[in-house]
Amino acid sequence: MNSVASPLPASPAAPSAASPALSPDTSLPASAGVFAELDGHEQVVFCADEASGLRAIIAIHSTALGPALGGTRFYPYADEGAALTDVLHLAKGMSYKAALAGLDLGGGKAVIIGDPATMKSEALLRAYGRFVQSLRGRYLTACDVGTYSEDMDVIARECDFVTGRTVEHGGAGDSSVLTAYGVFQGMRAAAEVVWGEPSLAGRTVGVAGVGKVGHHLVEHLLEDGADVVVTDVSAAAVRRVLDAHPEVRAVPTTEDLVAEQIDVYAPCALGNALTDDVVAVLRARVVCGAANNQLAHDGVEKLLADAGVLYAPDYCVNAGGLIQVADELVGFDFARARKRAAGIYDTTREVFRIAEREDVPPSVAADRIAERRMATIGRRDLWLPVR
């Protein structure tokens, strides 16, 4: 069931001869109107609070398997259209991520439009928390780009449906810890397929984006014996890695990184990392990273396969953070969550096995596994909280 939350006029004007009322059998082209953009989403909520400057969009893609869980991204989008496109893509990805990870959760996401460095405030976060609360548990929020566990603690002062909180407040803390661990497990699975051993020892891995997740991933790779090359738009992020690990090498841009003689490319920044141009110059045999929505458009997965590049689907390997914050819902236990995140290795191997058996790219195989789970055990009606 698809629906969209939007403001209704308090007192609609009566139809006039110049603007006749639509009869019940009037139909519009499938491409017309806001519903055509929703791509199967159940609900989209636009949130505005003039006093704090909050402008946010919450997208619930599916509650077939349970309430929708997904982080809140705080980002200075170029315009509202870009924000809407991003939140819809991200929410859909969360549905597939939760299904593939075997969680009884649906997929949702939220974006706050603006620069967190200048706009983030207690008033704004609390106003946002009130909007999340108004959904009564259909959407559970957590951290994402531009938000942190401390922000979740502020949101939780107005809202019961918050995960990814600080350890001091009974939460799991920074979800990037198990996100990076899961990506590393997925990378091990890809290495086993390509090189016969589930290890990155002696391989060169290029990591694009060394913020919260990428920094932890670099540490796992170094511990496993890999050589690491990094890049980031933030010079400070690169400097933190180089100060902690002088053996790591840095290059100026992502374009420089993908042209390097690397064995594995790990996109760990924002989406659309894999374009036609990137595939054309990429020397890596494996792509496995933490960024969401890495494929710039349909068809890139085939370009990768034709180029002999094994792609580990992003929402498969980056599910560790979701697993970590989901564990909070039953009382967080790090050892239990880490053990479940380690299972990303087996899930990724299963994706590769299905891809080979059904002669499809791994991204298609991952989609099929997730869709089968949602279709076979998912509910057919809208998920609502118990009254």
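In this report, we go over the structure that sits alongside the text. Owing to the predicted nature of the structure, the values given are computational and were not obtained by experimental measurement. Along each chain, numbering runs from 1 in the same order as the chain's sequence is written. For this predicted model, a pLDDT threshold of at least 70 governs which residues receive local features, and a threshold of 80 or more governs which side-chain atom pairs are given and counted, while totals over whole chains, interfaces and linings are taken from all residues. The side-chain figures draw on all heavy atoms in the structure; neither hydrogens nor water molecules are used.

## Comments concerning the side chain of serine 363
Note the threshold: Segments assigned H or I by DSSP are reported as helices when at least four residues long, segments assigned E as strands when at least two residues long, and all are numbered from the N terminus. For every residue, the accessible area obtained with a 1.4 Å probe (protein chains only) is divided by the maximum for its type, and the residue is called buried under 20%, exposed over 50%, and partly exposed between those limits. In what follows, residue pairs with any heavy atoms lying within 4.5 Å of each other are defined as contacts.
Summarising the element assignment, serine 363 is placed in helix α15 (residues 362-377). By relative accessible area, serine 363 is classed as buried at 10%. If near-sequence neighbours (up to four positions away) are discounted, serine 363 is found in contact with Leu295, Glu301, Tyr311, Pro313 and Tyr315.

## Points about the environment of glycine 299
Locating glycine 299 in the fold gives a position in the loop between β11 (286-287) and α10 (300-306). Sequence separation between glycine 299 and serine 176 is 123 residues, and the spatial gap between their C-alpha atoms is 29 Å.

## Looking at the pairing of strand β1 (residues 43-49)
Threshold: Should DSSP find at least two bridges between two strands, the strands are regarded as paired.
Bridging between β1 and strand β2 (residues 54-62) involves seven bridges; their strand directions are antiparallel. Bridge pairing in β2 places alanine 48 opposite arginine 55. Counted along the chain from β1 to the antiparallel partner β2, the turn is four residues long, and its residue glycine 53 has a positive phi close to 85°.

## Comments concerning the pattern of salt bridges
Filter applied, for reference: Think of a salt bridge as a Lys or Arg side-chain nitrogen and an Asp or Glu carboxyl oxygen that are within 4 Å of each other.
What the rule picks out here adds up to 22 salt bridges. One salt bridge in this structure joins glutamate 80 and arginine 55, with 3.3 Å as the shortest N-O distance. With glutamate 80 in helix α1 (residues 80-100) and arginine 55 in strand β2, the pair connects residues that are 25 residues apart, well separated along the chain. Assessed through its relative accessible area of 38%, arginine 55 is described here as partly exposed. When the shortest N-O distance is used, the salt bridge between glutamate 158 and arginine 126 registers 2.9 Å. Here arginine 126 lies in helix α3 (residues 122-134) and glutamate 158 lies in the loop between α4 (149-155) and α5 (176-195), a separation of 32 residues in the sequence. Among the charged side chains, a salt-bridge network with shared partners connects Glu122, Arg126, Arg130, Arg157 and Glu158.

## Things to note about the side chain of aspartate 314
To keep things clear, this is the line we draw: His is not counted, nor are the chain ends, whereas Lys and Arg count as positive and Asp and Glu as negative. Two N or O atoms count as a polar contact when they lie within 3.5 Å, although within protein this holds only if one can serve as hydrogen donor and the other as acceptor, and sequence-adjacent residues are included solely when both atoms are side-chain atoms.
Among the structural elements, aspartate 314 can be located in helix α11 (residues 314-317). There is no salt bridge for the buried aspartate 314, and the closest opposite charge comes from lysine 97, which lies 7.0 Å off by N-O distance. A distance of 2.8 Å separates a polar side-chain atom of aspartate 314 from the backbone nitrogen of glutamine 294. Not counting chain neighbours up to four residues away, the residues in contact with aspartate 314 comprise Gly289, Ala291, Asn292, Asn293 and Gln294.

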